[in-house]
Amino acid sequence: MSDSAFPFIIIRCYGTGEENRSFITAVFAAQRQYPGLVNEIWFSGNVLEAWQQNELLARQSLPFRNECRQLGIDFSYQHGITLNHSGDGQHHADIFSPEAWAVDIDGERAWGMFCANSPEARQYTLETAEKFLALLQPDSYWPDDDLRLYLKGGKNYCFCDRCIAKFNRRFGGSFTRQELKEALFGDMPDAGVRRQWMKFNGETLGEFAALFRAAVAKVLPRCRLGIQTVYSDWRYDGDDFRP
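Nothing here was measured: the structure is a model prediction, and the numbers come from that model. (Residues numbered from 1 in each chain as written. Predicted model: local features only at pLDDT ≥ 70, side-chain atom pairs only at ≥ 80, totals over all residues. Heavy atoms only, no water.)

Enquirer: Outline helix H5 (residues 161–171), supporting the account with residue identities and numerical values.
Expert: Burial in H5 covers these residues: Cys-163, Ile-164, Phe-167 and Asn-168. Projected down its long axis, H5 carries its buried residues within an arc of 135 degrees, all on one side. Looking at H5, the residues exposed on the side facing more than 90 degrees away from the buried face are Asp-161 and Arg-169. Downstream of H5 by a residue or two, Gly-172 has a phi angle that is positive, lying close to 70 degrees. (Buried < 20%, exposed > 50% of the residue type's maximum accessible area, 1.4 Å probe, protein only. Helix = DSSP H or I, 4+ residues; strand = E, 2+ residues; numbered from the N terminus. Arc of directions from axis to C-beta.)

Printed below as a string of structure tokens:
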């Protein structure tokens, strides 16, 4: 780990390093010539697969990790998919049940995007993070920037029966999916409900993010835990009534 509390120059290398071997080799050469040039290199691996597949990918990064350590470069790793950027259409039926996936406001399931309140999705995420941390021993660990409740293209989530029931319990409501759709996206949106839904979504994301904190605390307490953020204009809070 670097002498400073936090790295200053971080190179994000999408993938395990094998896809960018020539670039990483050049970075290592520059680091030898100019020690301290780079503080950290950020590798990544995919998830939403059985651990055997994830492990094969992660192990491709181990030689790069070892060379990083020799050169005084922090080795960091990204949890490649958190909730997912888009419903990819893959059912992953051999790994997950339908209840792991999010549902849109019209009741359509987003195959390939986790429901952040799904116990199955949460357990998988926690166990996968623990395994990555134990195998790779990174200096930093980054959940992907898809820790959000909307997909590319503008669809928002999650409106499964479980999430709606939890929202109703949280605020003492009795919304059906159709009633919630009208309150959030109808011709006259309800600002109070939108604020409640925004708060509920924030709490949901906080609970999901806490899985990574729990994994780090259990497996590798010295590891820094990073977070990536993205801009969203879907705030639900009454300040934004754009379609």
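There's more to say after this.
Enquirer: Report on the pattern of salt bridges, specifying residues and quantitative values.
Expert: Tallying each qualifying case throughout the model produces 17 salt bridges. We note a salt bridge from Lys-199 to Glu-203, for which the minimum N-O separation is 3.8 Å. Of this pair, Lys-199 and Glu-203 both sit in helix H7 (residues 191–219), four residues apart, which is roughly one turn of that helix. One network of salt bridges, with partners in common, ties together Glu-40, Asp-74 and Arg-224. (Salt bridge = Lys/Arg side-chain N within 4 Å of Asp/Glu carboxyl O.)

Enquirer: Describe the side chain of Ser-140, and please don't skip the residues or the numbers.
Expert: Residue position: Ser-140 is located in strand E6 (residues 140–143). When its relative accessible area of 3% is taken as the criterion, Ser-140 is described as buried. Of note is the side chain of Ser-140, whose polar atom sits 3.4 Å from the side chain of Glu-40. Side chain to side chain, Ser-140 and Arg-224 meet in a polar contact 3.0 Å long. Contacts of Ser-140, omitting those with residues within four sequence positions, involve Glu-40, Phe-75, Ser-76, Tyr-77, Cys-223 and Arg-224. (Polar contact = N/O pair within 3.5 Å; in protein donor to acceptor, adjacent residues only side chain to side chain. Contact = heavy atoms within 4.5 Å.)

Enquirer: Give a description of the pairing of strand E2 (residues 40–45) that names residues and reports values.
Expert: Buried residues dominate E2, accounting for six of its six residues. The two faces of E2 match: Glu-40, Trp-42 and Ser-44 on one face and Ile-41, Phe-43 and Gly-45 on the other face are all buried. The β-α-β motif built from strand E1 (residues 10–12), the intervening helix H1 (residues 21–33) and the parallel element E2 has right-handed crossover chirality. Examined bridge by bridge, E2 and strand E3 (residues 74–79) share six bridges and lie parallel to one another. Bridge assignment links Trp-42 to a residue of E3, and that residue is Ser-76. (Right-handed = clockwise from strand over helix to strand, strands pointing away. Pairing = 2+ DSSP bridges.)

Enquirer: So, the packing of H5 against H7: which residues are in play, and what are the values?
Expert: Two numbers describe how H5 lies on H7: the axes approach to 11 Å, and their chain directions differ by 110 degrees. If you check the angle between H5 and H7, you find them roughly perpendicular. Considering how the two elements wind past one another, H5 and H7 form a crossing that is right-handed. The segment H5 lies against H7, with Cys-163, Lys-166, Phe-167, Arg-170 and Phe-171 engaging Val-193, Gln-196, Trp-197, Lys-199, Phe-200, Glu-203 and Glu-207. Split by residue class, the contact of H5 with H7 holds six nonpolar, one polar and five charged. (Axes fitted to C-alpha atoms, helices over the stretch in contact; angles between N-to-C directions. Parallel < 35°, antiparallel > 145°, perpendicular 65-115°, else oblique. Left-handed = near helix turned anticlockwise from the far one by under 90°. Nonpolar A, V, L, I, M, F, W, Y, C, P; charged D, E, K, R; others polar.)

Enquirer: Residues and numbers for the side chain of Arg-148, please.
Expert: Mapped onto the elements, Arg-148 comes out in the loop between E6 and H5. Despite its burial, Arg-148 remains without a salt bridge, the nearest opposite charge being carried by Asp-145 at 4.2 Å. A distance of 3.1 Å separates a polar side-chain atom of Arg-148 from the backbone oxygen of Asp-145. (Lys, Arg positive; Asp, Glu negative; His and termini not counted.)

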